[in-house]
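# Inside the fold
Below are the chains, spelled out letter by letter.
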Amino acid sequence: MRGIRGAALALIGVVASATLNVTGSKADDYPSRPITMIVPFAAGGPTDVVARIMAEGMRPSLGQTVIIENITGAAGSIAVGRAARAAPDGYTLSIGQWSTHVVNGAIYNLPYDLLTDLAPVSLLVSNPQLIVANPKVPATDLKSLVEWIKANPDHVSAGTAGAGSASHIGGIYFQNFSHTNFLFVPYRGTGPAMQDLIGGQIQIMLDQSSNSLPQVRQKQIKAYAVTSKTRLSVAPEIPTVDEVGLPGFYISVWHGLWVPKDTPKPIIEKLAAAVRAALADPATQKRLLDLGQEIPPLDQQNPAALGAFQKAEIEKWWPLIKAANIKVD
Ligand code: MLT
């Protein structure tokens, strides 16, 4: 009996040490094949653009390609769920932002826990929103935009990336601040919503600067204000909300990178180092800054800082979002 128990214990020991060795050598070899970064919104939108810039910037230090996979629907919660259930081997990354990794937990019945089913890698860039409109909208400044919306409540619609997305929350916040009412039209991301804004199917959008600035520069849409205390250095012609009648209407959309829980720590550290290398690279920095993105300080570019920040954001926003009683589409 003792012999059998001894043999069983020895076997457990062998299996455990084999597992440790496999895990250890996996981390040493990592990455030995392409990595997939799951983007929770449509291609061409702000999260997708940050993902593609980061994927390219991380490639030299990882020595492997980072492939982008767009999985859309339910304001990004389907994509984050897919990432949370993926193998914890460092080959599936979850890129997202404030709405997907904070807000969605307050309005969707998620089959995963945002804090415990994912492990943080690093905080990425953040950018304010712009209040933008189709060029045919007659209002010439923010004050007249608000008056025009009040006069046409049934004929104004705003594009969003779904219930609870940053563009949606920004729109609700704008309605409350400006005492206006208009319709929301959900899309699979603000990339496709932008096409309809240019085409005139929708009239306005509370949109991340990174998505809107290129079309503002090409005069395909117009911008009334930036939702930050200071003007964007790359678009100094756009006034702040404080300057044009919506004092204190500040919104900043931050992005982050996560992996499935139980991903080995050395792999997470390699990914975080690749993020730091990308964010320190002048060419990557220029691409991000040109879109109005802000790069976090170096001491925020690590797993612990993102974990603490995400937790604090959940504690701050969930009560507010739950009180707003936002309906899922
Ligand atoms: C997107 O990538 O489409 C956006 O992050 C969604 C949004 O800003 O609402």
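Residues numbered from 1 in each chain as written. Predicted model: local features only at pLDDT ≥ 70, side-chain atom pairs only at ≥ 80, totals over all residues. Heavy atoms only, no water.

## Section: helix α3 (residues 77-84)
Counting buried positions over the 8 residues of α3 gives 6, a clear majority of the element. Among the residues of α3, Ser77, Ala79, Val80, Gly81, Ala83 and Ala84 are the ones counted as buried. In this structure, the buried side of α3 is in contact with β1 (35-39), β3 (92-97), α4 (98-107), β4 (118-133) and β9 (252-260). (Buried < 20%, exposed > 50% of the residue type's maximum accessible area, 1.4 Å probe, protein only. Helix = DSSP H or I, 4+ residues; strand = E, 2+ residues; numbered from the N terminus. Contact = heavy atoms within 4.5 Å.)

## A short note on the pairing of strand β6 (residues 183-186)
Here strand β5 (residues 157-160) runs beside β6; their pairing, made up of 4 bridges, is parallel. Pairing of Thr160 across the sheet is with Pro186, part of β6. For the crossover from β5 across helix α6 (residues 166-178) to β6, the handedness is right-handed. (Pairing = 2+ DSSP bridges. Right-handed = clockwise from strand over helix to strand, strands pointing away.)

## Re the nonpolar core
Membership of the largest hydrophobic core comes to 46 residues, with the highest contact counts inside it found for Ile131, Leu142, Leu145, Ile149, Phe174, Ile204 and Phe249. Among the domains, domain 1 (10-127 + 253-323) and domain 2 (129-226) are the pair contributing at least three residues each to this core. Those residues within four positions of Leu142 in sequence are excluded, and the remaining contacts are Ile131, Phe174, Tyr224, Ala225, Val244 and Leu246. (Core = buried A, V, L, I, M, F, W, Y, C linked by side-chain atoms within 4.5 Å. Domains from an automatic or database assignment.)

## A few points about the environment of Thr72
Relative to the helices and strands, Thr72 is located in the loop between β2 (66-70) and α3. Note: C-alpha distance between Thr72 and Phe41 (31 residues apart in sequence) is 4.9 Å. Residue contacts for Thr72: discarding those within four places in its chain leaves Pro40, Phe41, Ala42, Ile78 and Arg188. At 2.7 Å, the side chain of Thr72 and the side chain of Arg188 are in polar contact. (Polar contact = N/O pair within 3.5 Å; in protein donor to acceptor, adjacent residues only side chain to side chain.)

## Remarks on the site of the ligand
Lining the immediate surroundings of the ligand are Phe41, Pro46, Thr47, Gln97, Ala161, Ser165, Ala166, Ser167, Gly189, Thr190 and Gln208. Gln97 has a polar side-chain atom sitting 2.7 Å from an oxygen atom of the ligand. The separation between an oxygen atom of the ligand and a polar side-chain atom of Ser167 is 2.6 Å. If the ligand stood free it would expose 270 Å²; the protein chains cover 100% of that surface. When contributions to the shell around the ligand are tallied by element, the ones reaching two or more residues are α2 (46-62) and α6. Residue composition of the shell around the ligand, by class: 4 nonpolar, 7 polar and no charged. (Near = heavy atom within 4 Å. Areas by Shrake-Rupley, 256 points an atom, 1.4 Å probe, with all protein chains shown as cover. Nonpolar A, V, L, I, M, F, W, Y, C, P; charged D, E, K, R; others polar.)

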